[in-house]
Amino acid sequence: MSKIIDFLKILKPDTKFHEVRDGYHSFCKKIEDTPVDLLVSKTETLHTWANKQGAIYHFNQGLDSLCERNIVYAKSYFNELLSLKGTSHLEPLDRLLSGIFKKDYKRASSEILRLINSDNEDHKSKGITTVGFLDLSSKECDDFKATIETELSNLIEDSTTNKILANVLFAYRNNRKELPNADKHIETLMQIDSDDVRYQLYQLLLYELKIEEESDFFKNVLFKLTNLNTEYVGLYNSLSYQLSRLTTSHYDTVKQFLNIWVETSPENASKIKLFNSVFNEIYDAKKQQFDELITEWLNNNNINFQVAVFNVLRELSYRNAHHIQLSSRLLKTYSYIDIEFIVHKIIGFIYEKDMLTTLLYSILETKYTEKEVVQLVGSRLVNDVIFNYYSAIEFLKEKKKDAVKPLKKIIDEIVFHGEKFYEAYSDLDILKEFQPSEMRLNHMNKIQSKKFRKDYEENEANDTGFLSMLTTLHFRSGKTSFGKFEGEYSGHMEPKLISHSAEMPRGEFIDPLGQKLIRLEGRAFVRRK
C-alpha cells in the first residue's frame, strides 16, 4: 500500500514514466488500497499524466477491475467525484459508471439517465459516453435500451451542441447492434459539420465497419471524412493505411474518395502526401490505374487536381519512380484541345526532369499520327525539355530503337532541332562571360576543403557518441591503408573516389524569370472551347 500512496503523492503532470512505473502498475492493480480522498484529489493529475504518457489504458482497466472486486469503494469514488465542482476531475466518470453497471444494474441505469437529463453539460456528456461503454446484450437491458433510444433521439432533435451530438454518435457507434435505429441516427449525425463528429466517424470506419459486409454504409462514412482536418496527421496516417489495404480489392472506392478529397479544398490538394502509402500501393499494384488517375487529374479543369499531381509525383520521385507516363487508353479518346490543356499543365506543374520527359513523350507515342499534337509536343520537348536538359536527347534516342517507323522520323526531327537550339545558346558569348576560370575554381576548392577539415576536427573533438569511446588506429602504406583492432591487422584497403552528379535546368541560369513565366502560363492556361 505504501508504494501506491507514495506514487500518488509524488505524481505530477510532467513526471517521467520510468520514475513511477512500478508504483503506477501496482496502483492500477489495487486502486482500492488508496484512501478515497487522496484518489479524488489526485484524479485530475493522474488522468492528465496517464494520457500524456499513453498509459491511460491501464487506468481504465484498473477501474473495470475495481468495480468487479469492490463495488462499495467504486460507488464511493464515483459519488465523491460527482459532488465536486468544476470539470477537470470528471474524466473517469463514464468508465467508472459503466463498471458499476455490471454489478448494480438498477443503480447505474438510473444514474446514467439522471446525468443525461442534467442541466450541467459536462455531466450530460458523461452520461451519454457511459452508454458507449455498456454491454447491452442482456435481456435485462431491453427496457433500458428503449429508454436510452428515446433520450438520445430527443437530443438529436433538440439540436444541442456539437460536443453533445458527437457524444451521442459515440454511444451509437459503440452499440450499433443493440440500440434501435442506430445506423439511421448515425447517418443523420454524419451531416453535422464538426471535427468532433468527424473524429467519431473516423473511429467508426477504422474499428467498427468492414466494406465487405456493409459496402454502402462504409462508403457513406468514408466520404464524410473528406473534410477531416488536415492538421490531424496521426488520424490521416491510420486512414491512409486503411485505404492502402483496400486499393487492390476496392480501387474504385479509394479513387472516388481521393477525387472528392482533392476537390474539397486547395489545402487538401497541397497536402495530398498524407496519402503517400495509398499512391505507393496504387503505383506498385495497379500501375495502369495509376497512369489513368494522373491523366484524368491533369485533364481536370479544377486546378486542385494539378496541384495534387505535382505533390504526388514529387513524393514518388524520392523513391526513384521517375518514368511516369500517361494512360494511352485515355489519350486516344482525347481531342487536340484536351491534349493542349494537358501539355500546358505538365509544363506548369512538373519540374522533375525524367517525369517531365516521359509524360510528354507518352503523348507523342500515342498521338504521333496527329500533326497538331506532334507539333505541339515536339516544340515543348525542344524549347522546354532539351533546352534545360540535354540528356533528354539520349532518352529520345533510346526510345527510337523500339519506335514504329513514323515515330522514328518524328524523334529524329525533335533531336535535330533540339541539338541545334541547345548549341545556339551554348555559343552565346554572354553565357561564357560568367564561366569562372580554372584558377578561381582551384582557389575556391582550397577554401572549401579547409572549411570542411576545420568542421571535421571540431566534430571529432566534441563527439560524445558511443563510437567515440572506441580506439581505432589507421596506418597508411603507399596507395592503401590498413587498421589494427584487438591486436589484429585488417586487410589492405584502397580509397576510391565517390561522386554524385545531377543535371540542373539550364534555363534557371540563363533566364530564371522567363522560366517562371512559362510555368505560370502553364498553370493559368484555360481550356479552349
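Residues numbered from 1 in each chain as written. Predicted model: local features only at pLDDT ≥ 70, side-chain atom pairs only at ≥ 80, totals over all residues. Heavy atoms only, no water.

Peer 1: Just checking my understanding: could you explain the environment of Arg319 for this structure?
Peer 2: Position of Arg319 among the secondary structure elements: in the loop between α19 (303-317) and α20 (328-331). On a C-alpha basis, the gap between Arg319 and Asn280 in space is 9.6 Å, while along the polypeptide they are 39 residues apart. A distance of 2.8 Å separates polar atoms of two side chains, one belonging to Arg319 and the other to Asp284. (Helix = DSSP H or I, 4+ residues; strand = E, 2+ residues; numbered from the N terminus. Polar contact = N/O pair within 3.5 Å; in protein donor to acceptor, adjacent residues only side chain to side chain.)

Peer 1: How should I be thinking about helix α18 (residues 287-298) in this particular structure?
Peer 2: Residues three or four positions apart in an α-helix share a direction because the helix packs 3.6 residues into each turn. When the terminal C-alpha atoms of α18 are compared, their 17 Å separation across 12 residues agrees well with the 16 Å that a helix rising 1.5 Å per residue should span. Those residues of α18 that are buried are in contact with α15 (251-264), α17 (276-285), α19, α20 and α21 (336-349). (Expected span 1.5 Å × (residues − 1). Contact = heavy atoms within 4.5 Å.)

Peer 1: It is not clear to me how the nonpolar core should be interpreted in this structure. Could you clarify?
Peer 2: As a rule of thumb, nonpolar side chains are buried together in soluble globular proteins. Counting residues in each nonpolar core, the largest one holds 147 residues, and the members touching the most others are Phe27, Leu239 and Phe275. Among the elements that line this core, the one with the most residues is helix α23 (residues 371-386), at eight residues. (Core = buried A, V, L, I, M, F, W, Y, C linked by side-chain atoms within 4.5 Å. Buried < 20%, exposed > 50% of the residue type's maximum accessible area, 1.4 Å probe, protein only.)

Peer 1: How do you make sense of the pattern of salt bridges when you look at a structure like this?
Peer 2: Opposite charge on two side chains makes pairing possible when the charged atoms of those side chains draw close. In this structure the tally under the stated criterion is 32 salt bridges. The partner of Asp142 in a salt bridge is Lys139, with the nearest N and O atoms 3.7 Å apart. Asp142 sits in the partly exposed class, given a relative accessible area of 33%. Look at Lys139 and you get exposed, because its relative accessible area is 71%. (Salt bridge = Lys/Arg side-chain N within 4 Å of Asp/Glu carboxyl O.)

Peer 1: Looking at this structure, I do not really get α15. What am I missing?
Peer 2: A rise of 1.5 Å per residue sets the reference length of α15, with its 14 residues, at 20 Å; its end C-alpha atoms lie 20 Å apart and thus fit the reference within 8%. Listed as buried for α15 are Tyr251, Thr253, Val254, Lys255, Phe257, Leu258, Trp261 and Val262. Looking at the buried positions of α15, the neighbouring elements they touch are α13 (215-223), α14 (233-246), α16 (266-270), α17, α18 and α19.

Peer 1: Sorry, what's going on with the packing of aromatic side chains here?
Peer 2: Two measures describe an aromatic ring pair: the distance that separates the ring centres and the angle between the ring planes. Applying the stated criterion across every chain yields a total of 23 aromatic pairs. On the basis of an interplanar angle of 40° and a centroid distance of 5.7 Å, the ring pair of Phe101 and Phe144 is categorised as tilted. Of the two residues, Phe101 sits in helix α6 (residues 93-103) while Phe144 sits in helix α9 (residues 142-157), which places them 43 residues apart along the sequence. Looking at Phe101, the relative accessible area reads 6%, which means it is buried. Phe144 gets classed as buried once you look at its relative accessible area, which sits at 4%. Residues Phe133 and Phe170 carry aromatic rings whose centres are separated by 5.4 Å and whose planes lie at 65° to one another, so their mutual orientation is edge-to-face. Placement of the pair is Phe133 in the loop between α8 (121-132) and α9 and Phe170 in helix α10 (residues 162-174), with a sequence separation of 37 residues. Residue classification places Phe170 among the buried positions, given a relative accessible area of 10%. Through a chain of ring-to-ring contacts, three or more aromatic side chains come together here, namely Phe7, Phe17, Tyr24, Phe27, Trp49 and Phe59. The ring centre of Tyr422 lies 3.7 Å from the NZ or CZ of Arg506, which sits over that ring. Here the guanidinium or amino end of Arg523 rests over the ring plane of Phe310, the centre of that ring lying 6.0 Å away. (Phe/Tyr/Trp six-rings, centres within 6.5 Å; stacked < 30°, edge-to-face > 60°. Lys NZ or Arg CZ within 6 Å of the ring centre and 35° of its normal.)

Peer 1: How should unusual backbone geometry be read in this particular structure?
Peer 2: A negative phi angle characterises most non-glycine residues, just as the trans form characterises most peptide bonds. Within the chain, Asn181 stands out as a residue other than glycine whose phi angle is a positive 60°. Mapped onto the elements, Asn181 comes out in the loop between α10 and α11 (182-189).

Peer 1: How should I be thinking about the side chain of Glu340 in this particular structure?
Peer 2: Tracing the sequence through the fold places Glu340 in helix α21. Given the relative accessible area of 10%, Glu340 is considered buried. Apart from the residues lying within four places of it in its own chain, the contact partners of Glu340 are Leu376, Phe525 and Arg528.

Peer 1: What am I meant to see in the environment of Met493 here?
Peer 2: Along the chain, Met493 falls in the loop between β3 (488-489) and α28 (507-510). Put simply, Met493 and Glu340 are 153 residues apart on the chain and 57 Å apart in space, counted from C-alpha to C-alpha.

Peer 1: How should the state of the cysteines be read in this particular structure?
Peer 2: Each disulfide is one covalent bond, formed between the sulfur atoms of two cysteines. Under the definition given, this model contains zero disulfides. Among the cysteines around Cys28, which has no disulfide bond, Cys67 carries the closest sulfur, lying 14 Å off. (Disulfide = S-S within 2.5 Å.)

Peer 1: Got a minute to help me understand the environment of Val168 in this structure?
Peer 2: Tracing the backbone shows Val168 in helix α10. With sequence-adjacent residues up to four places away left out, Val168 is seen in contact with Ile128, Leu152, Leu155, Ile156 and Leu189.

Peer 1: Explanation requested: the packing of helix α2 (residues 17-29) against helix α3 (residues 36-52) in the structure shown.
Peer 2: The description of two helices packed together rests on the angle between their axes and the distance between the axes. Orientation of α2 relative to α3, taken along the N-to-C sense of each, is 125°, at an axis distance of 14 Å. Here α2 lies oblique to α3, going by the angle between them. You can see that α2 and α3 cross each other, and the crossing is left-handed. On the side of α2, the interface is formed by Phe17, Val20, Tyr24 and Phe27, while α3 contributes Leu39, Leu46, Trp49 and Ala50. When grouped by side-chain class, the residues that make up the contact of α2 with α3 number eight nonpolar, no polar and no charged. (Axes fitted to C-alpha atoms, helices over the stretch in contact; angles between N-to-C directions. Parallel < 35°, antiparallel > 145°, perpendicular 65-115°, else oblique. Left-handed = near helix turned anticlockwise from the far one by under 90°. Nonpolar A, V, L, I, M, F, W, Y, C, P; charged D, E, K, R; others polar.)

Peer 1: Before we go on, may I ask you to explain the packing of helix α4 (residues 56-69) against helix α5 (residues 71-83) in this structure?
Peer 2: Between α4 and α5, the shortest axis-to-axis distance is 6 Å and the interhelical angle comes to 125°. Of the possible angle classes, the one that applies to α4 and α5 is oblique. In this structure, α4 uses Phe59, Leu63, Leu66, Cys67 and Arg69 to contact α5, whose residues at the interface are Ile71, Tyr73, Ala74 and Tyr77. The class makeup of the residues in the contact of α4 with α5 is eight nonpolar, no polar and one charged.

Peer 1: Hey, could you run me through the side chain of Asp291 in this one?
Peer 2: One can find Asp291 in helix α18. Given a relative accessible area of 7%, Asp291 falls into the buried group. At 2.8 Å, the side chain of Asp291 forms a polar contact with the side chain of Lys287. In contact with Asp291, other than residues within four places in its own chain, are Gln325, Leu326 and Ser327.

Peer 1: Explanation requested: the confidence of the model for the chain in the structure shown.
Peer 2: The predicted structure's coordinates, where accompanied by low pLDDT, should not be read in detail. Residue-level pLDDT values for the chain average 89, and 92% of them are 70 or greater. Per-element mean pLDDT across the chain ranges from 54 in strand β1 (residues 473-477) up to 97 in α21. (pLDDT = per-residue confidence, 0-100.)

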